[in-house]
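Each chain is listed here by its residues.
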Amino acid sequence: MATFISVPLKKSSDVDLVKPLSKYVTSTYPAGDEQAEYIRAVEELNKLRRNALGRPLDKHESSLELLLRYYDQLCAVEPKFPFSENQLCLTFTWKDSFDKGSLFGGSAKLALASLGYEKTCVLFNVAALASQIASEQNLENDEGLKNAAKYYQLASGAFGHIKDTVLSALNREPTMDIAPETVGALSVIMLAQAQEVFFLKATTDRMKDGVIAKLSNQAADFYGDAFKQCQYKDNLPKYFYFQEVLPVLAAKHCIMQANAELHQSVIAKQKKRFGEEIARLQHAAELVKTVASRYDEYVSVKDLTDKINRSLAAAKKDNDFIYHDRVPEVKDLEPIGKAALVKATAVTPPLSQKFSDVFEKMVPMAVQQSMSVYGQRKSETVNRLVGTMREATNLCNGVLASLNLPAALEDLSGDSVPQSIAEKARSIVQQGGLRSIEQLIKDLPELLTRNREILDEALKMLDDEETTDNELRAKFNQRWNRTPSGDLYKPLRSEGANFRNILDKAVQADQVVKDRYDAHCDAIALLCKPESELSAALPSANPAKTLQGSEVVGVLRSQLARLDEVKREREALESDIKAVTFDMSAAFLGALAKDGAINEEQLSLAQLDQLYGQYNQRVQASLRQQEELLGQIQTSHQEFSGLKQSNTEANQREEVLKKLASAHDSYVEIGNNLREGTKFYNDLTEILLKFQNKCCDIVFARKTERDELLKELQQSIAREPSAPNFNVPAYQSQPPAPPGGPTPAPRTVFNQVPPQAPQLTQAKSQPPARPPPPVLTPQSSAAAAPPADNPPPVAQGPPYPAYQGYPQYFQMPMGYNPYAYGQYNVPYVPYQAGPGQAGYPGAPPAAQGYPGYPPQPSQQPSQQQNYYPQQ
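Residues numbered from 1 in each chain as written. Predicted model: local features only at pLDDT ≥ 70, side-chain atom pairs only at ≥ 80, totals over all residues. Heavy atoms only, no water.

1. Some points on the overall build of the protein chain
Part 1 of the argument: Helix and strand content of the protein chain: 21 helices and two strands.
Part 2 of the argument: For the protein chain, restricting intrachain contacts to residue pairs at least 6 apart in sequence, the fraction spanning at least 24 positions comes to 82%.
Part 3 of the argument: When the accessible area of the protein chain is evaluated, it comes to approximately 49500 Å², of which 52% is carbon and sulfur surface. (Helix = DSSP H or I, 4+ residues; strand = E, 2+ residues; numbered from the N terminus. Contact = heavy atoms within 4.5 Å. Areas by Shrake-Rupley, 256 points an atom, 1.4 Å probe, with all protein chains shown as cover.)

This is the structure we're talking about:
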C-alpha cells in the first residue's frame with residue numbers, strides 16, 4: 001500500500017550571472033576593495049546556481065541544501081540589485097515539469113526577465129526534490145517516518161507559497177506546472193501524504209484505535225480533496241503525470257477511509273455495538289474491493305483486504321450465533337472524527353540553516369535609492385548655501401567696481417597704475433590670460449558633441465529594437481505575447497528626454513558665458529599687457545594729493561578692509577560647508593528593518609537641518625554684515641567724490657579703471673563657469689555612458705528573449721496541422737470490424753495466404769472444411785496405399801518441431817514449400833531418409849506417388865538432391 005507520489009524537477013537553461021552583475025557593480029561602486037569583494041560575491045552566486053541547477057541532483061539532503069541555499073541567496077540579493085526588464089535584465093528559461101513535449105516540437109518552456117520567476121521555479125524544485133527524498137525514506141523505522149513527514153510538509157508549504165505568489169511574481173500567464181491550480185493541488189497531495197505518514201507512525205506505535213481512526217479519516221479527507229482538485233481542473237488531466245496520479249489518489253482515499261472504518265469497528269466492538277462493527281467492516285470491505293478491482297495495478301491492498309475479511313467473518317459469526325445485533329446502514333453510522341497533525345511549512349527565508357549572504361555588506365536597493373536622493377538633497381543644500389555666498393560676493397565686487405574702489409583711493413596721483421589694478425592684472429596673467437579662456441571655450445563644443453552622439457546612439461538602439469518588436473507583433477498578432485517595447489522603454493525614454501533637456505540648457509548657459517566674454521574681452525586683453533603699456537593706456541588726470549591725508553580716505557580704507565575680511569571668512573565658510581559628510585545608510589537600514597519601508601524625505605530633511613542649520617545662520621550673518629558695510633562704503637564714497645576735483649580727464653580715467661576692475665571680476669567668473677562647464681560635460685559623459693550601457697543591456701536581453709520566443713513560435717507552428725480536418729468519403733473508408741472484435745491472425749503457417757495468392761474479399765464464399773489426414777504408421781506405409789478415388793491428404797498443422805522465430809510463427813524446414821510443388825514445372829522430390837531415420841508419416845509407398853498426381857520420371861540415387869543434411 002505504501003505508494004507515495006513524488007514530483008519531477010523542472011529544468012533550467014544556463015544563465016551567465018557574472019557579466020551583467022559585475023557590470024552593474026563596476027558602474028555603481030567605485031574601484032577598490034568594496035568593488036572587488038562584490039565581484040567575488042557575484043562569481044560565488046553564479047557558481048551556486050550551476051551547482052544547484054546545472055547538473056542532476058541526487059535524492060539526498062545535500063542536494064536539497066544546495067537548492068535551499070540558492071533560494072535564500074536569491075531572496076537576499078533581490079533587494080540589492082535592480083532586477084527588471086528595463087534596468088538589470090536577466091532572462092531565465094525554464095521547462096515545464098510535466099509537459100514532455102513532442103518529437104519535433106520540444107517541451108513547453110517559458111523565458112522571462114524576472115528574478116521572481118527564477119525564485120518561483122527554484123522553490124518548485126525545492127518542493128519537488130523534498131517530495132522525492134520523502135518517498136525514498138524507510139518507513140519501517142521512526143527516523144524515516146519523521147523525515148518523510150518533515151519533507152512532505154516542506155513540499156506542501158513550498159507549493160502553497162508558489163500558489164499565493166506566482167501571479168504577482170510573473171505578471172503574465174505561467175506554464176501549467178507552476179500555475180496556481182496545479183501547485184495548489186500538489187500542495188494538498190503532499191499534505192495528504194504527510195498525514196498518511198503520521199497514520200503509519202501511529203499504527204507502528206500501536207496507538208489507540210480512536211486516534212488511528214481519526215488520523216486515517218483526515219488523510220482520506222485530504223486525498224479526496226486532492227483528487228477533486230486534480231479531476232475537475234480543465235488542464236491537469238491531459239498531462240500523463242496526472243493521469244497516473246489520479247488513480248493513486250482515488251485508491252488512497254478509499255484505503256484511508258477503509259482503515260478508519262476498520263479501527264473504528266474495534267471501538268464499536270469494545271462498546272458492545274456489534275451491528276455497527278459489522279456495518280463498518282462491510283463498508284471497509286467494499287472500499288478495498290473497489291480498490292482491488294479498479295486500481296490494483298497502482299496500489300496493492302491484499303494484506304488489508306485479508307485483515308478486513310478475517311475481522312468481518314469473525315464479527316458475523318459471533319453476531320449470528322451469540323449477539324444477534326441489528327446491522328445498521330452505512331449512512332446511519334456516526335461520522336468518524338478527524339485529527340490533522342500536519343501543517344504546511346511556512347516559507348520564510350532563510351530556509352537553509354547554513355545560509356550566509358555573500359552580499360552581506362551591500363545595502364538594499366531601497367537604501368541605495370534613499371542614499372541617492374539624500375545625496376541630491378545634500379548637494380542642493382550645499383549649492384544653495386554656496387550659491388548664495390557667491391552671489392553676495394559678486395554683488396559686492398560689482399558695487400565696488402561701480403564706485404571704482406579701491407582704485408580711486410590708490411589713484412590719488414593720477415599718473416600711475418593703481419596697486420589693486422596692477423595686482424588684478426598680474427592675477428589674470430598668472431591664470432593664463434585670454435589663451436586659457438579661449439581654449440576652454442573651444443573645448444566646450446567638442447564635449448557637447450560627444451555627449452549628444454552617445455545619447456543619440458543609445459536612443460537609436462531603443463528605436464531599432466522597438467521597430468522590430470512592432471513588426472513581429474503585427475506579424476504574429478496575439479501570439480507575440482511579451483511586453484511591448486514601447487511600454488518597456490518609457491522610463492528610459494523619459495530619462496533620455498531629461499538628458500536632452502539638460503544638454504539644451506547647457507548650450508544656452510555656454511552662450512551666456514561666451515557673450516559675457518565677448519563684452520569684456522578688450523578690457524581683459526588690456527589687463528594682460530605689461531604694466532608700462534597698461535599705464536600708458538590709462539588717461540592721466542590732475543593730481544588730488546591733497547586728499548591723501550583726508551579723514552574720509554582713511555574711513556573708506558578701513559571699511560574696504562573690513563569688507564575684504566568678510567570675503568575671506570566667506571571663502572573659509574564655503575570650504576567648511578563642502579567638507580561636511582554624514583553616512584545615512586545606518587539610519588535608512590534601521591528604518592527599513594523597523595518599518596519595512598523608508599520615509600526618506602522625513603529622515604533626510606531632519607538630518608540636513610541638523611548638519612547645515614548652523615552654517616545657514618553663519619551665511620545669513622555674513623550677508624547682513626556685507627549689506628551693512630556696503631551701505632557705509634557708499635555713504636563714505638559720496639563724501640569722497642565731493643572732495644575730489646571733477647574734470648573730464650578725471651572722469652575718463654575713473655571709467656577706464658572701473659572697466660578694468662569689472663573685467664577682472666568677469667574673467668574670474670568666466671573662468672570658473674567654463675571650468676565648471678567642462679567638469680559638467682565630463683561628468684555627464686560618464687552618466688550617459690552608463691545610460692548607453694543600460695540601453696545596450698536591455699536591448700540585448702530583449703533580442704535574446706525575442707529569439708527564444710521566435711523559436712517557441714516556430715515549434716508551435718510545426719506542431720499545428722498543415723490543413724484543416726475534413727470528412728473522408730464513405731467509399732474510401734475501411735470496412736468496419738465485425739462486432740465480436742478484430743479477427744485474430746492465423747497461428748500456423750498452414751492457414752496463411754501464400755504471397756502469390758490473390759486477396760479474396762469478404763463477400764467470397766469460404767471453401768469447405770478439409771478432411772482429416774489419414775492415420776498411418778511408418779511400418780504399414782508401404783503396404784497400405786490409398787484408394788485411387790480419394791483426394792490426397794492435406795496437412796493441418798506442423799508435423800515437425802517448431803523452429804525459433806517470431807512468436808506463434810512456425811518456420812518451414814529447409815527446402816520445403818508445400819505451395820511450390822506442381823507449379824512452374826517444379827518436380828516433386830521424394831523424401832530421402834537418412835541412416836537410422838524413420839520415414840515421413842503418411843508417405844506413399846516406395847517408387848509410387850500419390851494417386852491423382854502425375855507420375856514422376858525415375859531418377860538415380862546419385863542424381864537426387866539432398867534437402868536435409870546427412871548424418
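2. What about helix H5 (residues 142-170)?
Part 1 of the argument: Taking 1.5 Å as the rise per residue, H5 with 29 residues should run 42 Å; its terminal C-alpha atoms sit 41 Å apart, in good agreement.
Part 2 of the argument: Maximal helix bending in H5 amounts to about 45°, located at Asp164.
Part 3 of the argument: Where H5 begins, the side chain of Asn141 points an oxygen toward the backbone nitrogen of Glu143, at a separation of 3.3 Å.
Part 4 of the argument: One or two steps after H5, the chain reaches Asn171, where phi turns positive at roughly 60°. (Expected span 1.5 Å × (residues − 1). Bend = angle between axes of the 7 residues up to and from the residue. Polar contact = N/O pair within 3.5 Å; in protein donor to acceptor, adjacent residues only side chain to side chain.)

3. Looking at unusual backbone geometry
Note on backbone geometry: most residues besides glycine have negative phi, and most peptide bonds are trans.
Part 1 of the argument: Cis geometry marks the peptide bond from Pro349 to Pro350, where omega comes out at 0°.
Part 2 of the argument: Along the polypeptide, Pro350 turns up in the loop between helix H10 (302-323) and helix H11 (365-402).
Part 3 of the argument: With a phi close to 55°, Arg206 is a non-glycine residue in the positive phi region.
Part 4 of the argument: When you line up the elements, Arg206 lands in the loop between helix H6 (180-204) and helix H7 (209-231).
Part 5 of the argument: A relative accessible area of 77% places Arg206 in the exposed class. (Buried < 20%, exposed > 50% of the residue type's maximum accessible area, 1.4 Å probe, protein only.)

4. Things to note about the pattern of salt bridges
Where charged atoms from two side chains of opposite charge approach closely, those side chains can pair.
Part 1 of the argument: Inspection of every chain in the model, using the stated rule, returns 37 salt bridges.
Part 2 of the argument: Across the pair Lys252 and Glu196 runs a salt bridge whose closest N-O atoms are separated by 3.0 Å. One end of the pair, Lys252, is in helix H8 (residues 240-270); the other, Glu196, is in helix H6, with 56 residues separating them in the sequence.
Part 3 of the argument: Under the relative-accessibility criterion, Glu196 is labelled buried at 0%.
Part 4 of the argument: Measuring nitrogen to oxygen at the nearest pair gives 3.8 Å for the salt bridge that ties Lys490 to Asp487.
Part 5 of the argument: Of the residues examined, Lys490 reaches a relative accessible area of 52% and is grouped as exposed.
Part 6 of the argument: By relative accessible area, Asp487 is classed as partly exposed at 44%.
Part 7 of the argument: One network of salt bridges, with partners in common, ties together Glu465, Asp469, Arg473, Arg482, Arg702 and Glu705. (Salt bridge = Lys/Arg side-chain N within 4 Å of Asp/Glu carboxyl O.)

5. Section: a nonpolar patch on the surface
Part 1 of the argument: A contiguous nonpolar surface patch, about 360 Å² in accessible area, is contributed by Phe321, Ile322 and Tyr323.
Part 2 of the argument: Mapped onto the fold, Ile322 is located in helix H10. (Patch = residues over 30% accessible without salt bridge, like charges linked within 9 Å, V, L, I, M, F, W, Y side chains within 5 Å.)

6. Quick word on the packing of aromatic side chains
Think of a pair of aromatic rings as described by two things: how far the centres are apart, and how the planes are tilted against each other in angle.
Part 1 of the argument: Counted under the stated rule, the structure contains twelve aromatic pairs.
Part 2 of the argument: A ring pair is formed by Tyr29 and Tyr38, whose centres lie 4.9 Å apart and whose planes are at 65°; its orientation type is edge-to-face. Each member of the pair, Tyr29 together with Tyr38, is buried.
Part 3 of the argument: On the numbers, 5.8 Å between centres and 15° between planes, the contact of Phe476 with Trp480 is stacked.
Part 4 of the argument: Residue classification places Trp480 among the buried positions, given a relative accessible area of 1%.
Part 5 of the argument: Over the ring of Phe124 we find Lys10, and its NZ or CZ is 6.0 Å from the ring centre. (Phe/Tyr/Trp six-rings, centres within 6.5 Å; stacked < 30°, edge-to-face > 60°. Lys NZ or Arg CZ within 6 Å of the ring centre and 35° of its normal.)

7. Remarks on the environment of Phe700
Part 1 of the argument: Looking at the secondary structure, you find Phe700 in helix H21 (residues 648-719).
Part 2 of the argument: For Phe700, a relative accessible area of 59% puts it in the exposed group.
Part 3 of the argument: Considered as a pair, Phe700 and Glu465 are 235 residues apart in the sequence and their alpha carbons are 9.3 Å apart.

8. Details of H11
For the α-helix, the turn length of 3.6 residues means that residues three or four positions removed from each other point alike.
Part 1 of the argument: Taking 1.5 Å per residue as the helical rise, H11 with its 38 residues ought to reach 56 Å, and the 54 Å between its terminal C-alpha atoms agrees with that figure.
Part 2 of the argument: One or two positions beyond H11, positive phi appears at Asn404, with a value near 60°.

9. Structural notes on the confidence of the model for the protein chain
Part 1 of the argument: Mean pLDDT for the protein chain: 80, with 77% of residues reaching 70 or above.
Part 2 of the argument: Confidence, read as mean pLDDT per element, is least for helix H12 (residues 407-410) in the protein chain (70) and greatest for helix H4 (residues 115-135) (95).
Part 3 of the argument: Ignoring residues within four places in sequence, the model shows residues 775-816, a span with pLDDT below 50, making 46 contacts including any to other chains.
Part 4 of the argument: Taken together, the stretch residues 820-826 has pLDDT below 50 and engages in seven contacts with residues farther than four places along the chain or on a different chain. (pLDDT = per-residue confidence, 0-100.)

10. Some remarks on the pairing of strand S2 (residues 109-112)
Successive residues of a regular strand alternate their side chains across the two faces of the sheet.
Part 1 of the argument: Residues Lys109 and Ala111 line one face of S2 and the alternating positions Leu110 and Leu112 line the opposite face, and both faces are buried.
Part 2 of the argument: Taken together, the four bridges between strand S1 (residues 92-95) and S2 define a ladder with antiparallel strand orientation. Counted as the bridge partner of Lys95 is Lys109 from S2. (Pairing = 2+ DSSP bridges.)

11. Details of the environment of Thr120
Part 1 of the argument: Looking at the element boundaries, Thr120 is found in helix H4.
Part 2 of the argument: Measuring from C-alpha to C-alpha, the distance between Thr120 and Lys163 comes to 9.6 Å, with 43 residues separating the pair along the chain.
Part 3 of the argument: Contact partners of Thr120, with chain neighbours within four places excluded, come to Ile162, Val166, Ala169, Leu170 and Ile178.

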